[in-house]
Amino acid sequence: SQTIHQWPATLVQPVGSPLSLECTVEGTSNPNLYWYRQAAGRGLQLLFYSVGIGQISSEVPQNLSASRPQDRQFILSSKKLLLSDSGFYLCAWSIERTDTQYFGPGTRLTVL
Amino acid sequence: EDKVVQSPLSLVVHEGDTVTLNCSYEVTNFRSLLWYKQEKKAPTFLFMLTSSGIEKKSGRLSSILDKKELFSILNITATQTGDSAIYLCAVRAHWGAQKLVFGQGTRLTINP
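Residues numbered from 1 in each chain as written. Chains lettered and ligands numbered in written order. Predicted model: local features only at pLDDT ≥ 70, side-chain atom pairs only at ≥ 80, totals over all residues. Heavy atoms only, no water.

(A) A look at the packing of aromatic side chains. Applying the stated rule across the entire model yields 11 aromatic pairs over all chains. Their ring planes at 85° and their centres at 5.5 Å tell us that Y36 of chain A and F102 of chain B sit as a pair that is edge-to-face. Placement of the pair is Y36 of chain A in strand β4 (residues 32-38) and F102 of chain B in strand β10 (residues 100-102), with the two residues belonging to separate chains. For the pair formed by Y36 of chain A and F102 of chain B, the shared burial category is buried. Summarising the aromatic geometry, the rings of F103 of chain A and Y36 of chain B are spaced 5.4 Å apart at their centres and angled 85° between planes, so their arrangement reads as edge-to-face. Here F103 of chain A, found in strand β10 (residues 102-103), pairs with Y36 of chain B, found in strand β4 (residues 30-38), and the two come from separate chains. Y36 of chain B matches F103 of chain A in its accessibility class, with the two residues each being buried. Over the aromatic face of F88 of chain A sits the side chain of R108 of chain A, whose NZ or CZ is 4.4 Å from the ring centroid. (Phe/Tyr/Trp six-rings, centres within 6.5 Å; stacked < 30°, edge-to-face > 60°. Helix = DSSP H or I, 4+ residues; strand = E, 2+ residues; numbered from the N terminus. Buried < 20%, exposed > 50% of the residue type's maximum accessible area, 1.4 Å probe, protein only. Lys NZ or Arg CZ within 6 Å of the ring centre and 35° of its normal.)

(B) Looking closely at the interface of chain B and chain A. Contacts between chain B and chain A engage 20 residues on the former and 26 residues on the latter. Across the interface of chain B and chain A, roughly 1700 Å² is buried in total on both sides, 52% from carbon and sulfur atoms. Three residues, Q98, K99 and F102 of chain B, lead the burial of chain B against chain A; their summed loss comes to 33% of the area buried on that side. If you look at where chain B meets chain A, you find 3 salt bridges. Notably, a salt bridge pairs D99 of chain A with R31 of chain B, separated by 2.7 Å at the nearest N-O pair. Counting across the chain B and chain A interface gives 7 residue pairs in polar contact (both at pLDDT 80 or more). Where the side of chain B that touches chain A is concerned, the elements lending two or more residues are β4, β5 (43-49), β9 (85-93) and β10 of chain B. For the side of chain B that touches chain A, the element with the most residues is β4 of chain B, which contributes 5 residues. Class assignment for the residues of the side of chain B that touches chain A results in 10 nonpolar, 5 polar and 5 charged. (Contact = heavy atoms within 4.5 Å. Buried area = accessible area lost by both parts, 1.4 Å probe. Salt bridge = Lys/Arg side-chain N within 4 Å of Asp/Glu carboxyl O. Polar contact = N/O pair within 3.5 Å; in protein donor to acceptor, adjacent residues only side chain to side chain. Nonpolar A, V, L, I, M, F, W, Y, C, P; charged D, E, K, R; others polar.)

In structure tokens form, the structure reads like this:
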């Protein structure tokens with residue numbers, strides 16, 4: 001069966017510090033991968049998605065970036081965090097040609 | 001721009017009540033509508049709807065789609081405290097990769 005992991009679960013970072021969040025999927029090959037952010041009490045905002053290694057599409061211009069160095073690994077990064085980057089970050093995966101996305105446990109990021 | 005709107009944003013009921021959550025959408029080239037339940041962390045998949053008028057059912061939860069009026073409802077009968085969660089609606093369009101557009105969610109609280 002498929003499993004999706006995210007770490008860390010919780011992170012507190014100062015403004016201006018770098019960020020690296022990691023997501024890995026097990027039990028499937030060539031998944032589509034997604035990064036979402038959820039602000040408090042809000043829905044999910046799609047940040048990036050990837051259909052393959054090295055293929056990244058950005059949905060929202062901001063100071064975040066994403067990379068996919070391996071088939072089942074998706075990384076969300078920032079060189080300098082802003083206060084507005086605080087939120088709940090969710091990674092998700094789906095199988096090509098299917099609509100259902102499955103979510104990881106999320107990382108709660110607080111920027112102070 | 002594709003849009004998904006959920007109502008109400010917040011709902012508080014007593015255990016045993018029946019609730020109806022609403023989701024309306026404006027999407028070019030609609031393909032599917034999905035419902036998720038989010039408790040503490042990761043949203044978990046409930047239903048995917050693609051055809052009008054066909055009810056999907058799982059235990060006390062059911063959902064139906066109206067593609068003419070562009071909305072879906074999620075019903076929960078005989079509510080329990082474990083049904084307390086944020087319920088998210090998302091829509092997938094035919095274009096591009098498998099991107100989902102999410103509504104802002106309905107926060108449901110079931111009081112004993």
